[in-house]
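# Coordinate inspection notes
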Amino acid sequence: MIAIVDYDAGNIKSVEKALSYIGEKPLVTRNLPDIQRADKVIVPGVGAFEDAMGKMARFRLADLLQKVAAEGTPILGICLGLQLFFDSSEESKNHVQGLGLLPGKIVRFPSTDGFKIPHMGWNSISIDPASKLLKGIPNHSYVYFVHSYYLQAENINDVAATTDYIVKVHAAAEHGNIFATQFHPEKSGEVGLQILKNFASI
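Since the model is a prediction, treat every value here as computed from it, not as a measurement.

For the rest of this paragraph, the subject is the side chain of S188. Relative to the assigned elements, S188 resides in the loop between β13 (178-181) and α6 (189-201). Only 2.6 Å separates the side chain of S188 from the backbone oxygen of H184, close enough to count as a polar contact.

Structure representation (structure tokens):
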């Protein structure tokens, strides 16, 4: 069973629909025992980093997700979910810490003439051929992004894919049982559905 963590973030329904479309039966829940016994866990999300971490604390999800990851359960963060997996974000004015599942920080795109922020739309990704999450996805495939902040992973070996928008963006991360995408697989057509299938089969 795949548990989709419900912490009142946006975009949860889209992820649930995409998983159902590929034949999975996901459970949208914030019930701690349900999440702990799930075979796989997905943390989706659209929203603000600090607000999301506040809800994680309120629903007692932060400690549980750290435990689930430490126990080796495959866990996938999508968009805001990716950002929460790392140490900190410039979006948080009060220096609220993330889950710290992987080392790195989330920074704001620099204002640059000719580029809109948020970064919104389809971009191609350069894929690490060793990635399990992106296995079988053609290099330079296009996926859908919506974000104003982006990942700077501390360990380059954790980076599963990159894209270019103003700067080089770490677009996906992978380390052991921990997976994350800044882009939205559930909104990325057949490529995105294959990525979700890959995760479901890990």
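Time to look at the packing of aromatic side chains. Within this structure, the stated rule accounts for six aromatic pairs. Ring centres of F109 and Y165 lie 5.6 Å apart, and the angle between their planes is 75 degrees; on these two criteria the pair is classed as edge-to-face. Of this pair, F109 sits in the loop between β6 (104-108) and β7 (119-124) while Y165 sits in strand β11 (residues 159-165), and the two are 56 residues apart along the sequence. Look at F109 and you get buried, because its relative accessible area is 2%. Plain terms: the ring middles of W122 and Y144 are 5.7 Å apart, the flat faces sit at 65 degrees to each other, and that makes the pair edge-to-face. Of this pair, W122 sits in strand β7 while Y144 sits in strand β9 (residues 142-147), and the two are 22 residues apart along the sequence.

The next subject is helix α1 (residues 12-21). A turn of α-helix holds 3.6 residues, and therefore any two residues three or four places apart point the same way. Residues of α1 that are buried: I12, V15, A18 and L19. Considered in projection along α1, the buried side chains sweep an arc of 130 degrees and stay on one side of the axis. The exposed residues of α1 that point more than 90 degrees off its buried face are K13, K17 and Y21. Along its buried surface, α1 packs onto β1 (2-5), β2 (27-29), β3 (40-43), β4 (75-78) and α6. Backbone geometry just after α1 places G23 at a positive phi near 95 degrees.

With that settled, consider the sheet that holds β4. The mixed open sheet is built from eight strands, whose spatial order is β2-β1-β3-β4-β13-β12-β11-β8. What marks the edges here is a single partner per strand, and that holds for β2 and β8 (126-127). Lying over the sheet, α6 contacts β1, β3, β4 and β13, oriented at roughly 140 degrees with respect to β3.

Evaluated as defined, the whole model comprises six salt bridges. Linking R30 and D6 is a salt bridge whose minimum nitrogen-to-oxygen distance equals 3.5 Å. Taken together, the residues R30 in the loop between β2 and α2 (32-37) and D6 in the loop between β1 and α1 connect sequence positions 24 residues apart. The class for R30 is partly exposed, based on a relative accessible area of 31%.

Further remarks concern unusual backbone geometry. A cis amide bond, omega 10 degrees, links I117 with the succeeding residue P118. Assignment of secondary structure puts P118 in the loop between β6 and β7. Positive phi is not limited to glycine here, since C79 has a value of about 55 degrees. One can find C79 in the loop between β4 and α5 (80-84). Looking at C79, the relative accessible area reads 5%, which means it is buried. Although it is not a glycine, I166 sits at a positive phi angle of roughly 70 degrees. Inspection of the secondary structure assignment puts I166 in the loop between β11 and β12 (167-175).

Bringing the side chain of N198 into the picture now. The topology assignment puts N198 in helix α6. Residue class for N198 comes out buried when judged on its relative accessible area of 9%. There is a polar contact of 2.8 Å between the side chain of N198 and the backbone oxygen of L133. At 2.8 Å, the side chain of N198 forms a polar contact with the backbone oxygen of K135. N198 has contacts with K132, L133, L134, K135 and I137, leaving out every residue within four places of it along the chain.

Calculation rules
- All residue numbers refer to position in the chain's written sequence, counted from 1.
- With pLDDT at 70 or above as the cut-off, local features in this predicted model cover only qualifying residues; side-chain atom pairs require 80 or more to be listed or tallied, and sums for whole chains, interfaces and linings still use all residues.
- Computation of side-chain values covers all heavy atoms of the structure but excludes hydrogens and water.
- Only DSSP runs of H or I reaching four residues or more are called helices, and only runs of E reaching two or more are called strands; each is numbered from the N terminus.
- Definition of a polar contact: a pair of N or O atoms within 3.5 Å, with one able to donate and the other able to accept a hydrogen when the atoms are protein atoms, and with sequence-neighbouring residues admitted only if both atoms are side-chain atoms.
- Stacked, edge-to-face and tilted are the three classes for Phe, Tyr and Trp ring pairs, Trp counted by its six-membered ring, which pair at centre distances within 6.5 Å; planes under 30 degrees apart are stacked, over 60 edge-to-face, the rest tilted.
- Each residue's exposure class comes from its accessible area (1.4 Å probe, protein chains only) as a fraction of the maximum for that residue type: buried when under 20%, exposed when over 50%, partly exposed otherwise.
- Taken from the helix axis, the directions to the C-beta atoms give the arc we talk about.
- It only takes one pair of heavy atoms within 4.5 Å for two residues to be counted as in contact.
- Two strands are counted as paired when DSSP detects at least two bridges linking them.
- With axes taken as lines fitted to C-alpha atoms, and helix axes fitted only over the stretch in contact, angles between N-to-C directions fall between 0 and 180 degrees.
- The salt bridge criterion pairs a side-chain nitrogen of Lys or Arg with a carboxyl oxygen of Asp or Glu, the two atoms within 4 Å.

Geometric descriptors of this kind do not, in isolation, establish any biological role.
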